[in-house]
Amino acid sequence: MTITASGVPATVIPTTPAQTRSTELEQQLRHTPERFRVMTGDRPTGALHLGHYFGTLHNRVRLQDLGVEVFVLVADYQVLTDRDVAERLSEYVEGLLLDYLAIGIDPARTTVFNHSAVPALNQLLLPFLSLVSVAELGRNPTVKDEIAHSRQSSVSGLMYTYPVHQAADILFCKGNLVPVGQDQLPHLEVTRTIARRFNERYGAVFPEPDALLSAAPLLLGTDGTKMSKSRANSIALSAGADETARLIKGATTDAERRITYEPEGRPGVSSLVLLAALCLGRDPHEVAGEIGNGGAAALKRTVTDAVNTRMAPIRARRAEYAQDMAYVRSVLRAGNERANEIAERTLDEVRDAMGGLR
């Protein structure tokens, strides 16, 4: 087993063109990080959890520390893609900010901002919509999947235009690198299409951003299904040691006493083993081998100890930042100011390219 650049185990060697390109980009990031501007973010729909940490958050800090310019979007408008109202929005936004700061996001090197505070970004949605057809949006497999799992009884127009809004998120700052999972490649392809068509029609303004594919393995929730904010099956970054122990104690395993790492045949057990391995920076097969015939109880003790040890400094920093919410809010204000300056410049370029629209 190898360890990827993002610090997580990987068992699959890149084979697709997107994976091959991503490997090339990793090499370039090490040598010329200043060439890249990364755009990423989260919807404030609940507490960030361990799946987020090992899937995306850890990688953002890595890119920031390499010297890459990173933009992190708190996508508050996009909460409404699959919800009728944005409930508990302020609480969730502040929770995201606390988590970002606690894991090591540095406001001096990473710009954190939110949709609703950057009007010029959202205004890019209008010209961008003119560059894609309704049929193209309807064929997007990611949109189809999101519609199928939507909480709404009917699908709003925002759901269909979500990939175009995401294009505005990426292109407003001329982002040229976007960390994504394999399932998000269709969304990014919409962004690349919009950038290419705008440049062909009006003149070169935007880069065509590349995908930096995540090598993070899948962590299941404590019930053995996909870890999700909305399923009450995750361990939040904000969870304390006792709550973490309680959640892991109730996690789904199986009747076989010997602990092995077999993701296909024993998903619940293997996900717990993987979580321990990620926290310990070790191979999951070795972790499983050491537990051996200890059974589910020994596995859960190992996982609990590993998670609580790994998360202890993050929890301590989070608690410290929570004592100064005025500073936490100032981080978002400063990020919004910078994002607005960039968005206004980009919107001016777009208007000029399109014939002086004002």
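Everything below is about the structure printed above this text.
Below: a short report on this structure. All values derive from a computational prediction rather than experimental measurement. (Residues numbered from 1 in each chain as written. Predicted model: local features only at pLDDT ≥ 70, side-chain atom pairs only at ≥ 80, totals over all residues. Heavy atoms only, no water.)

**Quick look at the packing of aromatic side chains**
- Inspection of the entire model under this criterion finds 7 aromatic pairs.
- Judged by centre distance (4.9 Å) and plane angle (80 degrees), the rings of Tyr53 and Phe54 are edge-to-face. A single burial state applies to Tyr53 and to Phe54, both of which are buried.
- Note on Phe198 and Phe206: the rings are 5.3 Å apart at their centroids and 70 degrees apart in plane angle, and the pair reads as edge-to-face.
- Looking at Phe198, the relative accessible area reads 0%, which means it is buried.
- Relative accessible area serves as the criterion here: at 6%, Phe206 is assigned to the buried category. (Phe/Tyr/Trp six-rings, centres within 6.5 Å; stacked < 30°, edge-to-face > 60°. Buried < 20%, exposed > 50% of the residue type's maximum accessible area, 1.4 Å probe, protein only.)

**Let's talk about the pairing of strand E4 (residues 69–74)**
- Across the 6 residues that make up E4, a large majority, 5, are buried.
- Here strand E3 (residues 37–42) runs beside E4; their pairing, made up of 6 bridges, is parallel. Note on E4: the bridge partner recorded for Thr40 is Val72.
- The pairing of E4 with strand E5 (residues 110–114) spans 5 bridges and is classified as parallel. By the bridge assignment, Leu73 is partnered in E5 with Phe113.
- Between the parallel elements E4 and E5, the chain passes through helix H3 (residues 89–103) in a crossover that is right-handed. (Helix = DSSP H or I, 4+ residues; strand = E, 2+ residues; numbered from the N terminus. Pairing = 2+ DSSP bridges. Right-handed = clockwise from strand over helix to strand, strands pointing away.)

**Some words on empty space enclosed by the protein**
- Tallied over the full model, the rule gives 2 cavities of 30 Å³ or more.
- Estimates place the volume of the largest cavity at around 130 Å³.
- Lining of the largest cavity is provided by 16 residues; of these, Leu220, Gly221, Thr222, Ser271 and Leu272 occupy positions nearest its centre.
- Split into classes, the residues belonging to the lining of the largest cavity amount to 8 nonpolar, 8 polar and no charged.
- Approximately 40 Å³ is the volume found for the second largest cavity.
- Leu97, Tyr100, Leu101, Ile105, Pro107, Val112 and Val331 are the residues that line the second largest cavity.
- For the lining of the second largest cavity, the element with the highest residue contribution is H3, accounting for 3 residues.
- Of the residues belonging to the lining of the second largest cavity, the class tally is 7 nonpolar, no polar and no charged. (1 Å grid on protein atoms, 1.4 Å probe; cavity = no way out; pocket = protein on both sides within 12 Å on 5 of 7 lines; lining within 4 Å. Points joined across faces, edges and corners; volume = space filled by probe spheres on them. Nonpolar A, V, L, I, M, F, W, Y, C, P; charged D, E, K, R; others polar.)

**Quick notes on the side chain of Thr110**
- By the secondary structure assignment, Thr110 is in strand E5.
- A polar atom in the side chain of Thr110 sits 2.8 Å from the side chain of Gln64.
- The residues contacting Thr110, other than those within four sequence positions of it, are Gln64, Val70, Val72 and Ile105. (Polar contact = N/O pair within 3.5 Å; in protein donor to acceptor, adjacent residues only side chain to side chain. Contact = heavy atoms within 4.5 Å.)

**Re the pattern of salt bridges**
- Tallying each qualifying case throughout the model produces 22 salt bridges.
- Residue Arg282 is joined to Glu286 by a salt bridge in which the shortest nitrogen-to-oxygen separation is 3.8 Å.
- On the accessibility criterion, Glu286 (46% relative accessible area) is partly exposed.
- Here the salt bridges do not stand alone but share partners, grouping Arg21, Glu24, Glu189, Arg192, Arg196, Glu208 and Asp210 into one network. (Salt bridge = Lys/Arg side-chain N within 4 Å of Asp/Glu carboxyl O.)

**Details of the packing of helix H8 (residues 157–171) against helix H9 (residues 185–202)**
- Look at H8 against H9: their axes get within 9 Å of each other, and the N-to-C directions meet at 65 degrees. On the basis of the axis angle, H8 is roughly perpendicular to H9. In this structure, H8 meets H9 at a crossing whose hand is right-handed. Here Tyr162, Pro163, Val164, Gln166, Ala167, Ile170 and Leu171 of H8 lie close against H9, whose contacting residues are His187, Leu188, Val190, Thr191, Ile194 and Ala195.
- Classifying every residue of the contact of H8 with H9 by side-chain character gives 10 nonpolar, 3 polar and no charged. (Axes fitted to C-alpha atoms, helices over the stretch in contact; angles between N-to-C directions. Parallel < 35°, antiparallel > 145°, perpendicular 65-115°, else oblique. Left-handed = near helix turned anticlockwise from the far one by under 90°.)

**Digging into the environment of Asp254**
- Tracing the sequence through the fold places Asp254 in the loop between helix H10 (241–249) and helix H11 (267–280).
- The class for Asp254 is partly exposed, based on a relative accessible area of 33%.
- When the C-alpha positions of Asp254 and Tyr92 are compared, they lie 34 Å apart, and in sequence the two are 162 residues distant.
- Excluding its chain neighbours within four sequence positions, the residues that come into contact with Asp254 are Arg266 and Val269.
- There is a polar contact of 3.1 Å between the side chain of Asp254 and the backbone nitrogen of Glu256.
- Polar side-chain contacts of Asp254 include one of 2.8 Å to the side chain of Arg266.

**Regarding the pairing of E5**
- Burial of E5 is extensive: 5 of the 5 residues sit out of reach of the surface.
- Burial along E5 is two-sided: the face carrying Thr110, Val112 and Asn114 and the face carrying Thr111 and Phe113 are both buried.

**Section: helix H1 (residues 17–31)**
- Here H1 spans 22 Å end to end across 15 residues, near enough to the 21 Å set by a 1.5 Å rise per residue.
- Listing the buried residues of H1 in full gives Gln19, Ser22, Leu25, Glu26 and Leu29. The buried residues of H1 occupy an angular sector of 110 degrees when the element is viewed end-on, so they sit on one face. The exposed set on the far side of H1, more than 90 degrees from its buried face, consists of Pro17 and His31.
- If you follow the buried residues of H1, they end up packed against helix H2 (50–66), strand E6 (177–180) and strand E7 (210–213). (Expected span 1.5 Å × (residues − 1). Arc of directions from axis to C-beta.)

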